[in-house]
Amino acid sequence: MKKLVLMRHAKSSWDDPELKDHERPLTGRGRKAAKQMAKYLEDSRLAPTIVLCTTAARARETLELIRPALGDRATVKIEPKLYGAGSKELLARIRRVSQAAPSVLVVGHNPAIQDLVLELVPDGPLADQIRRKFPTAAVATLHIRVGEWRNVAPAKTSLVEFVTPKGLRKSS
């Protein structure tokens, strides 16, 4: 069994119209949400062995804010090809993860993160919720019944949890 955790970067700023999309930072609200999600990740013990993150400033900043919650075992890879990648490219990258890694966290962008979850798990109440919206800083956790990442497929994947910063605020 493999565990795949997909996280959309936290809320980013559009305040500076001169700033390129790739360089947009997080807003104060985004930083707060990322810290909330860090606590959730730590409390849930979702410590991944590999973290794949896009090079966009908002994703790297999100990663830095959740990094203390990921434990010491995580190998972090900031990958330029993940910026602008679609769901199919994300899946192809996940399928190339070291077979020895039991868990992976991907910090990326929509629509690719949302689309990937729905391609792997198209049905069910959590999928319906994700279909409606995959908010910034939200986390989807999938269990994949395979021994090797290269075999990831919809028929072998279960969506076990979908957590949003807003949902965490409601439950506390």
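1. A few points about the sheet that holds strand β6 (residues 157-163)
- Within the open sheet, the 6 strands sit side by side as β3-β2-β4-β1-β5-β6. Their pairing is mixed. Two strands bound the open sheet, and with one partner strand each, they are β3 (75-79) and β6. In this sheet, neighbouring strand axes are inclined to one another by 20 degrees on average, regardless of whether the strands run parallel or antiparallel.
- Both strand β1 (residues 2-8) and strand β5 (residues 139-144) contribute to a ladder of 6 bridges, which runs antiparallel. Each bridged residue has a counterpart across the sheet, and for Val5 the counterpart in β5 is Thr141.

2. Section: the pairing of β5
- Counting buried residues in β5 gives 5 out of 6 residues, a clear majority hidden from the surface.
- As paired strands, β5 and β6 are joined by 6 bridges and run antiparallel to one another. Each bridged residue has a counterpart across the sheet, and for Thr141 the counterpart in β6 is Glu161.

3. Brief notes about the side chain of Arg93
- As for its placement among the helices and strands, Arg93 is situated in helix α3 (residues 87-94).
- Judged by its relative accessible area of 10%, Arg93 falls in the buried class.
- Among residues more than four places away in sequence, those in contact with Arg93 are Leu52, Lys77, Glu79 and Leu82.

4. Brief notes about the nonpolar core
- Counting 32 residues, the largest nonpolar core has Leu4, Leu6, Val106, Leu142 and Trp149 as the members making the most contacts within it.
- Those elements that place two or more of their residues in this core are β1, β2 (50-54), α3, β4 (103-108), α4 (112-120), α5 (125-132), β5 and β6.
- It is α4 that contributes the most residues to this core, 6 residues altogether.
- Discounting chain neighbours no more than four positions away, the residues touching Val106 are Leu4, Val5, Leu6, Met7, Leu52, Leu90, Ile94 and Ile113.
- Listed in part, the 25 residues of the second largest apolar core include Ala34, Tyr40, Val107 and Leu168.

5. Quick notes on α3
- What α3 keeps buried is the set Ser87, Leu90, Leu91, Arg93 and Ile94. Projected down its long axis, α3 carries its buried residues within an arc of 160 degrees, all on one side.
- For α3, the secondary structure elements touched by its buried residues are β1, β2, β3, β4 and α4.

6. Some thoughts on the packing of α3 against α4
- Direction vectors running N to C along α3 and α4 enclose 70 degrees, while the axes themselves pass 8 Å from each other. Viewed along their axes, α3 and α4 adopt a mutual orientation that is roughly perpendicular. Of α4, the residues touching α3 (which contributes Ser87, Lys88, Leu90, Leu91 and Ile94) are Ala112, Ile113, Asp115, Leu116, Glu119 and Leu120.
- Classifying every residue of the contact of α3 with α4 by side-chain character gives 7 nonpolar, 1 polar and 3 charged.

Reading the values: the criteria
- Once a new chain begins, its residue numbering starts again from 1 and follows that chain's sequence as written.
- This being a predicted model, a pLDDT of at least 70 is required before a residue's local features are given, and a value of 80 or more before pairs of side-chain atoms are given or counted; all residues contribute to the totals for chains, interfaces and linings.
- The side-chain numbers reported here are obtained from all heavy atoms of the structure, hydrogens and water having been left aside.
- Strand pairing is assigned whenever DSSP identifies at least 2 bridges connecting the two strands.
- Put simply, DSSP H or I for four residues or longer makes a helix, DSSP E for two residues or longer makes a strand, and each gets a number counted from the N terminus.
- Where helices are involved, their axes are fitted lines through C-alpha atoms of the stretch in contact, as for all axes, and angles between N-to-C directions lie from 0 to 180°.
- Each residue is placed in one exposure class: buried if its accessible area under a 1.4 Å probe, protein chains only, is under 20% of its type's maximum, exposed if it is over 50%, and partly exposed if it falls in between.
- Throughout, a contact is declared for two residues whenever any of their heavy atoms are within 4.5 Å.
- Nine residue types can take part in a nonpolar core, namely buried Ala, Val, Leu, Ile, Met, Phe, Trp, Tyr and Cys, and a core is a set of them joined through side-chain atoms within 4.5 Å.
- It is the directions from the helix axis to the C-beta atoms whose arc is reported.
- Roughly parallel means an angle under 35 degrees; roughly antiparallel, over 145; roughly perpendicular, 65 to 115; everything else is oblique.
- Side-chain classes are defined by residue name, with Ala, Val, Leu, Ile, Met, Phe, Trp, Tyr, Cys and Pro counting as nonpolar, Asp, Glu, Lys and Arg as charged, and the others, Gly among them, as polar.

These results come straight from atomic positions and should not be treated as a statement about function.
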